[in-house]
Amino acid sequence: NTRHFDRAESLIKHAVNLAQALYGTHHPVYADTLQDYGFCLLHLDQVSDCLVVYDRAVRITDQLFGENNIKSAVAHEDLAYAAYVYDYSYGSYKKSLEHAEISHRIVKKLLAPDHLLHASTSRLRALILEELAFEEDNPKRRDKLLREAQELHNKSLKLCRTVLGEENIQTAKHYGNLGRLFQSMKMFKSAERMHKRAIRIKESLLGPENYELALSLGHLASLYNYDMKRYAEALPLYLSITRIQVNRHRAEDVWAGV
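Residues numbered from 1 in each chain as written. Predicted model: local features only at pLDDT ≥ 70, side-chain atom pairs only at ≥ 80, totals over all residues. Heavy atoms only, no water.

### Here we look at the packing of helix α2 (residues 28–43) against helix α4 (residues 70–90)
As a packed pair, α2 and α4 sit with axes 11 Å apart at the nearest point and diverge in direction by 20 degrees. One element, α2, and the other, α4, form an angle in the roughly parallel class. Here the hand of the crossing between α2 and α4 comes out left-handed. Contacts from D32, Q35 and L42 in α2 reach K71, V74, A75, D78, Y81, A82 and V85 in α4. The residue makeup of the contact of α2 with α4, split by class, is 6 nonpolar, 1 polar and 3 charged. (Axes fitted to C-alpha atoms, helices over the stretch in contact; angles between N-to-C directions. Helix = DSSP H or I, 4+ residues; strand = E, 2+ residues; numbered from the N terminus. Parallel < 35°, antiparallel > 145°, perpendicular 65-115°, else oblique. Left-handed = near helix turned anticlockwise from the far one by under 90°. Contact = heavy atoms within 4.5 Å. Nonpolar A, V, L, I, M, F, W, Y, C, P; charged D, E, K, R; others polar.)

### Some points on the confidence of the model for the chain
The predicted model of the chain has a mean per-residue pLDDT of 94, with 95% of residues at 70 or higher. The lowest-confidence element of the chain is helix α11 (residues 231–256), averaging 82 in pLDDT; the highest-confidence one is helix α9 (residues 188–206), averaging 98. A low-confidence stretch, residues 253–258 (pLDDT under 50), is modelled with 2 contacts involving residues beyond four sequence positions or located in other chains. (pLDDT = per-residue confidence, 0-100.)

### Considerations on the side chain of E9
Tracing the backbone shows E9 in helix α1 (residues 2–23). The residues touching E9, leaving out its near neighbours within four places in the chain, are Y37, C40, L41, L44 and Q46.

### Concerning the pattern of salt bridges
Taken as a whole, this structure holds 15 salt bridges when the rule is applied. The partner of R125 in a salt bridge is E101, and the shortest N-O contact between them spans 3.7 Å. Remark: E101 occurs in helix α5 (residues 94–110) and R125 occurs in helix α6 (residues 116–135); sequence separation between them is 24 residues. The class of E101 is partly exposed, set by a relative accessible area of 32%. Notably, a salt bridge pairs E136 with R141, separated by 3.3 Å at the nearest N-O pair. The network of salt bridges with shared partners includes E192, K196, R230 and E233. (Salt bridge = Lys/Arg side-chain N within 4 Å of Asp/Glu carboxyl O. Buried < 20%, exposed > 50% of the residue type's maximum accessible area, 1.4 Å probe, protein only.)

### Observations regarding the nonpolar core
Among the nonpolar cores identified, the biggest contains 30 residues, and Y175, L178, L217, L220, Y224 and L237 are the most heavily contacted of them. Listed by contribution, the elements that provide at least two residues to this core are α6, α7 (139–164), α8 (169–184), α9, α10 (211–227) and α11. Examining the composition of this core, we find that 7 residues originate from one element, α10, more than from any other. In contact with L237, not counting residues within four places along its chain, are L217, L220, A221 and Y224. Formed by 23 residues, the second largest nonpolar core is a distinct cluster that contains Y37, C40, L42 and A75. (Core = buried A, V, L, I, M, F, W, Y, C linked by side-chain atoms within 4.5 Å.)

### Focus: α5
The end-to-end C-alpha distance of α5 is 25 Å, a good match for the 24 Å that 17 residues give at a rise of 1.5 Å each. Among all positions in α5, only S96, H99, A100, I102, S103, H104, I106 and V107 are buried. Buried-residue contacts for α5 involve α4 and α6. (Expected span 1.5 Å × (residues − 1).)

### Quick look at unusual backbone geometry
Of note, the phi angle at Y93 is positive, near 65 degrees, even though the residue is not glycine. Within the fold, Y93 resides in the loop between α4 and α5. The phi torsion at K229 lies on the positive side, around 55 degrees, for a residue other than glycine.

Take a look at the structure:
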């Protein structure tokens, strides 16, 4: 809900100023509030400002704890994801890949192989490799990048299923990630299977009117419409998405009047 993030932004700005006044700019509490502020800016689509804030948080965290610390791993991953979102529209993915690799290296060194942070860093690296593959003109290099992305997505999904189980929103998201990758690899039947698994889990856990469900419905609708030419099956999905969006906006209008 954008209105809630607008309210959150003013509160987090106050928290950042308060942390600076109480602890100074070279303190873990100040770095933590910067990361919260960056998260808020990212969800308000203020990605350029978010990158500046996350950059500052990473510098402070690295100075305080060194790179071989879990707090540094999380800070680098946050920065890597924000850079990935920014580069999706503008860039080369150099910065996002650099910080994703730093985060992955720390997590690999410090945490057990079954820790969920491995799933998170693998997922992010996979997303970046996919985008690099789309920009690659050499077919062999493009296929290699896509296969590497598939291995990372599979690793993330397996770990998530082991730790959290099949019936979990994070597991559903990993199915969706694989679905979109398979769609890019023109493995349309596999993509359909992954998207349907994501939809089943999300609808079971969140109900039929949730925005997360609408995202997965949109991915399947796109697959049917643009890749598989199954227009009759795409139409009811688009109608469901429209219904969810309309009901969501109505609910936001009700909350705005409270």
